[in-house]
Amino acid sequence: MAVSVCSGRAYGDLVERDLPDAGGTGTDAPAIVTRALTKRFGDSVALDGLDLEVRAGEVFGFLGPNGAGKTTTIRLLLDLARPTSGSATVLGLDPRRDGPVLRRRIGYLPGDVNLPARLTGRAMLADHAAVRGLDLHRPVDELAERLGADLDRPMGDLSLGNRRKVAMIAAFAHRPDLLVLDEPTGGLDPLVQQTFRSLAREAAAEGRTVFLSSHVLDEVQHVADRVAVLRAGRLVAEDRIDVLLSRLNRTCVVRFDPRPGMVPSAEVFHRVPGVTEVHHLHDGEIEISLEGPAGPLLEALAPWSPLDLATHEPDLEDLFLGYYGAEHAPAPTAPARPTDPAVAPAAPAVPDPASVTR
Amino acid sequence: MSTVVARRALADRRRWLVGWSVGIAAFVAVNIAFWPSFRDQSDELNEMIERMPESIRALFGMGEGVDPFSPVGYLSSQVYTFALPMLLMIAGIGAVGAVAGDEEHGLLETTYALPISRHRVLLERWLAVVVLTTVLSVVGLVTTVITARAVDLEVSTASMVWASLAVTVLTWAIAGLGLAVGAATGRRGVAMTVATVVAVVSYLITSLADAGIGVFETLEPLSVFTHYDVLATLARGTPDWSVLLLALVATVATGAALWLVDHRDLRAA
C-alpha cells in the first residue's frame with residue numbers, strides 16, 4: 001500500500017494562487033498578533049496575557065528559558081491547543097476557525113522532533129505534499145542537498161540532528177508565508193546551523209515571516225530582526241535585537257603590560273560612559289563590564305596601549321540577569337526597560353585580591 | 001479526495017494485517033476441523049454438557065433451544081459466539097488505540113500542523129480501522145466457508161455471511177468506543193482499557209442474563225453482546241436487524257469522537 005507523491009501543482013506556482021483571502025493582510029499587516037493571550041493548565045499559568053505583534057517579512061526571535069511558555073504560544077498559534085482567554089490572529093486569520101486554510105500557509109518545525117520511526121523522510125514528505133496537494137519533489141531534493149539530509153533511511157535510524165533536517169525540509173519545502181520554528185537548531189552541527197540561518201534569511205528576503213523560538217540567544221541573535229523575551233508566561237521585553245543587546249552588559253578583558261605604572265587604575269574608568277564595573281585580574285588583565293557603545297571605553301583605553309582585548313558576548317543568561325537581576329526576579333507585568341546594574345559607572349571597582357595594580 | 005492519512009495508516013499496518021489474518025484463519029480452521037470427531041462423540045459429550053450448570057453453558061454459547069451438536073450449534077459455540085468476536089475486538093481495539101497512541105507519542109504533531117482538520121485526521125484514521133477489521137472479518141468468513149465445506153459442517157453460506165456481518169459491526173461498536181475515549185483523552189492506554197472492559201463486561205452480562213440471573217437480566221439491554229444474537233442469525237440464515245443498533249452505537253461513538261477531539265488541546269509529547 002504505497003503512498004505516492006501527489007502530482008499536484010508545481011511549487012513555484014503556489015505562493016500567490018494558493019493563498020486564500022487573508023482577510024485584509026496586506027504587506028504591512030502584522031503576521032502574528034496576540035491580545036491578552038492566556039493559557040492555563042489547571043492551576044498553573046503557562047501563558048499570561050501575551051500581547052505580541054510580529055511584522056510580516058521579519059525574522060522574529062521568541063526567547064525564553066525552558067518552561068517560559070514559548071511552545072505553548074506556538075501550539076496556540078497553530079490551533080494544536082486552545083487559549084483559555086485572549087485572542088490570536090495569524091496572517092489575518094483565526095487559528096481555530098480558519099485552521100486548515102491558515103496552516104496551508106504555515107511551515108512548522110516542532111521542538112520535539114517525533115517522526116514515524118519506520119517511515120523514510122521521503123515517504124513522510126510525500127505524504128505532506130499530498131495533503132497540501134502540491135508537487136514538492138524539486139524543493140525537497142534541493143533542501144535535502146543543502147542540509148545534507150538522508151531521506152531514504154527509516155527515520156528511527158536517524159540521529160536527532162538528521163531527523164530535525166527532515167522536519168526542517170517539511171517546514172520550508174512549500175515556501176510558506178509564515179515559518180514557525182521551535183528550537184530549530186538543537187542537535188545540528190555548526191555548518192548545518194549556518195545553512196539554517198541562510199534559509200531563514202532567504203525566507204525573510206522573499207517577504208516571508210520567520211517566527212523563531214529558542215532558549216539560546218545565540219540561535220536567534222545572528223538571524224533575528226526583533227526579539228521578544230518571555231519568562232514565566234509573561235512578555236518581559238520586545239525590541240530590536242541590536243537595541244536589546246546594546247542595553248546589556250558586555251564584558252571585556254583587556255590585557256596590559258603588567259609592569260608597574262603600565263596598568264590603568266579603576267579611577268581611570270570612572271567617567272567613561274557605559275562602564276559599570278572594573279575588576280583587576282592578574283598579570284595585567286582588567287575585566288570591564290560595559291553597557292552601550294564601546295567607543296568611549298576604547299578612547300579611554302588607547303593611551304594605555306593595551307596588548308590584547310577580548311570581549312565576551314552577552315548570552316541569554318546575561319539577558320535574563322539584565323532584566324531580572326540575579327537574585328530577586330519578579331516577573332514584570334509589561335515590557336520593561338532593563339534594570340540598571342547595581343553598580344553605578346562612577347563607583348570604584350571592587351578590587352580583586354589578585355589585582356596587580358600598583 | 002485525498003485520503004493520504006488513511007492510506008498511510010493502512011500501509012503502516014501491512015505486517016500487522018498479515019499476522020492477524022494468518023492467526024484468525026488458523027484459529028478458525030483448527031476449530032472447525034474438529035467438527036467430525038466432535039460429531040462422532042456427541043453422545044458422550046452431550047451427557048457431560050447436560051451436567052454443566054446453565055450459566056456455564058451460556059458462557060460458551062450453548063444456549064437453550066439449539067442443539068450444541070448440530071452444525072449451527074457447533075459453529076456458534078466454537079467460532080462466532082466467543083472466540084472470533086474476541087479476536088476481532090482485540091485487533092480492533094489495538095488498531096484504534098494506535099490513533100491515541102500516535103498522538104500521545106507526538107507523532108501526530110506534524111500531521112495536525114498540516115492543512116487538514118482534526119475531524120479529517122480522525123475520520124481517516126477510523127476509516128483505516130474499519131477497513132482493517134473488515135478485512136480480518138472477511139478472512140474469518142472465507143476460512144469458515146472453506147473449512148466447513150471440507151469437513152461437511154453443513155451450515156449455509158448465507159448464515160455465515162450474516163453472522164460475519166454481525167461480528168464485524170460488533171467489532172466496530174467496541175472499536176468506536178475506543179475511538180471516542182481516545183479522542184477525549186489522547187491516551188492509548190485509557191482508550192484500550194475502557195473498550196476492553198466494555199467488551200468483557202458486556203459479554204459476561206449477556207451470558208449470565210441468558211442463564212437467567214436476575215441482576216444481569218436487568219442490565220442486559222446495556223450490553224453490546226445482547227444485540228449480537230449470532231446463534232439465531234446462523235440458525236435462520238437471515239440478518240438479525242438488532243445489528244443495526246450496534247451500527248448505531250458505532251456511528252454515535254464516531255460522532256462523539258469527532259466532537260471530543262475538536263474540543264480539547266492536542267497532547268504534546
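Parameters at a glance
- Residues numbered from 1 in each chain as written.
- Chains lettered and ligands numbered in written order.
- Predicted model: local features only at pLDDT ≥ 70, side-chain atom pairs only at ≥ 80, totals over all residues.
- Heavy atoms only, no water.
- pLDDT = per-residue confidence, 0-100.
- Contact = heavy atoms within 4.5 Å.
- Core = buried A, V, L, I, M, F, W, Y, C linked by side-chain atoms within 4.5 Å.
- Buried < 20%, exposed > 50% of the residue type's maximum accessible area, 1.4 Å probe, protein only.
- Helix = DSSP H or I, 4+ residues; strand = E, 2+ residues; numbered from the N terminus.
- Salt bridge = Lys/Arg side-chain N within 4 Å of Asp/Glu carboxyl O.
- Pairing = 2+ DSSP bridges.
- Axes fitted to C-alpha atoms, helices over the stretch in contact; angles between N-to-C directions.
- Buried area = accessible area lost by both parts, 1.4 Å probe.
- Polar contact = N/O pair within 3.5 Å; in protein donor to acceptor, adjacent residues only side chain to side chain.
- Expected span 1.5 Å × (residues − 1).
- Parallel < 35°, antiparallel > 145°, perpendicular 65-115°, else oblique.
- Left-handed = near helix turned anticlockwise from the far one by under 90°.
- Nonpolar A, V, L, I, M, F, W, Y, C, P; charged D, E, K, R; others polar.

All names here are of chain A. Chain-level pLDDT for chain A is 82 on average; 79% of the residues reach the 70-or-more range. With pLDDT under 50 throughout, residues 1-26 is counted as low confidence; its partners more than four residues away or in other chains account for 53 contacts. When the criterion is pLDDT under 50, residues 326-358 qualifies, and its contacts beyond four places in sequence or with other chains add up to 54 contacts.

A few words on the nonpolar core. Core analysis: the largest hydrophobic core is formed by 104 residues, its most contacted members being A:Leu52, A:Phe211, B:Leu75, B:Tyr80, B:Leu153 and B:Tyr228. The biggest single contributor to this core is helix α10 (residues 157-185) of chain B, with 12 residues. Beyond its immediate chain neighbours, meaning those up to four positions away, A:Leu52 contacts A:Ile32, A:Val33, A:Thr34, A:Arg35, A:Phe60, A:Phe62, A:Phe211, A:Ala228, A:Leu235 and A:Glu238. By size, the runner-up hydrophobic cluster in this structure holds 51 residues, among which are A:Met124, A:Val140, A:Leu151 and A:Val223.

Another aspect to go through is the pattern of salt bridges. Residues and elements named next belong to chain A. Tallied over the full model, the rule gives 27 salt bridges over all chains. Across the pair glutamate 183 and lysine 70 runs a salt bridge whose closest N-O atoms are separated by 3.8 Å. Taken together, the positions of glutamate 183 in the loop between β8 (178-182) and α7 (190-205) and lysine 70 in helix α2 (residues 70-77) put the pair 113 residues apart, joining distant regions of the chain. Glutamate 238 serves as the salt-bridge partner of arginine 226, at 3.4 Å between the closest nitrogen and oxygen. You can see arginine 226 sitting in strand β10 (residues 226-231) and its partner glutamate 238 sitting in strand β11 (residues 234-240), a full 12 residues away along the chain.

Negative phi characterises most residues that are not glycine, and trans characterises most peptide bonds. The phi angle at A:Ala36 is positive, at roughly 50 degrees, despite the residue not being glycine. Phi angles above zero are rare outside glycine, and B:Asp152 is one such case at about 60 degrees. Along the chain, B:Asp152 falls in the loop between α9 (118-150) and α10.

A word on the sheet that holds β8(A). All names here are of chain A. Across the sheet, which stays open at both edges, the 6 strands sit in the order β6-β8-β9-β4-β10-β11 with mixed pairing between neighbours. The open sheet terminates on both sides in strands that have one partner only, identified here as β6 (106-109) and β11. Averaged over neighbouring strand pairs, the angle between their axes works out to 15 degrees when direction is ignored. With 6 bridges joining them, β10 and β11 adopt antiparallel strand pairing. Bridge pairing links arginine 231 to arginine 234 in β11. Here α2 sits on the sheet and contacts β4 (59-63), β6, β8, β9 (209-214) and β10; the angle it forms with β9, its principal contact strand, is near 145 degrees. On the sheet, α7 packs against β4, β8 and β9 and is oriented at approximately 145 degrees with respect to β9.

Put simply, chain B has an average pLDDT of 91, and 96% of its residues get 70 or more. Mean pLDDT across the elements of chain B ranges from a minimum in helix α5 (residues 54-59) of chain B, with 70, to a maximum in α9(B), with 97.

Moving on to the interface of chain A and chain B. The interface of chain A with chain B comprises 28 residues on the first partner and 28 residues on the second. Counting each side, the surface lost to burial between chain A and chain B is near 2,700 Å², with a carbon and sulfur contribution of 55%. Our count for the chain A to chain B interface comes out at 5 salt bridges. The closest approach of N and O atoms between B:Asp262 and A:Arg96, which form a salt bridge, is 3.9 Å. Run the count over chain A and chain B and you get 15 residue pairs in polar contact (both at pLDDT 80 or more). Those elements giving two or more residues to the side of chain A that touches chain B turn out to be β2 (30-41), α3 (99-103) and α4 (121-132) of chain A. The leading source of residues in the side of chain A that touches chain B is α4(A), at 6 residues.

Next up on the list: α4(A). All names here are of chain A. The end-to-end C-alpha separation of α4 is 16 Å, in line with the 16 Å expected for 12 residues at 1.5 Å each. Regarding α4, the residues found buried are Gly121, Ala123, Met124, Leu125, Ala126, Asp127, His128, Ala129, Ala130, Val131 and Arg132. One or two positions beyond α4, positive phi appears at glycine 133, with a value near 70 degrees.

Residues and elements named next belong to chain B. Their axes nearest at 8 Å, the elements helix α7 (residues 83-104) and α10 cross at an angle of 30 degrees. Classed by the angle they form, the pair α7 and α10 counts as roughly parallel. As α7 packs across α10, the resulting crossing turns out to be right-handed. Contacts from Leu84, Pro85, Leu88, Met89, Gly92, Ile93, Val96 and Ala100 of α7 reach α10 at Val167, Leu170, Thr171, Ile174, Ala175, Gly178, Leu179 and Gly182. Looking at the contact of α7 with α10 residue by residue, the class counts come to 12 nonpolar, 4 polar and no charged.

Turning to the packing of helix α2 (residues 14-33) of chain B against α9(B), a few remarks are in order. All names here are of chain B. At their nearest, the axes of α2 and α9 sit 9 Å apart, and the two run at 30 degrees to each other. As summarised for this structure, α2 and α9 are arranged roughly parallel, according to the angle between their axes. Crossing geometry of α2 relative to α9 is assigned as right-handed. Where α2 approaches α9, its residues Trp16, Leu17, Trp20, Ser21, Ile24, Ala25, Val28, Ala29, Ile32 and Ala33 are matched on the opposing element by Leu132, Val135, Leu136, Val139, Gly140, Thr143, Thr144, Thr147 and Ala148. Looking at the contact of α2 with α9 residue by residue, the classes come out as 14 nonpolar, 5 polar and no charged.

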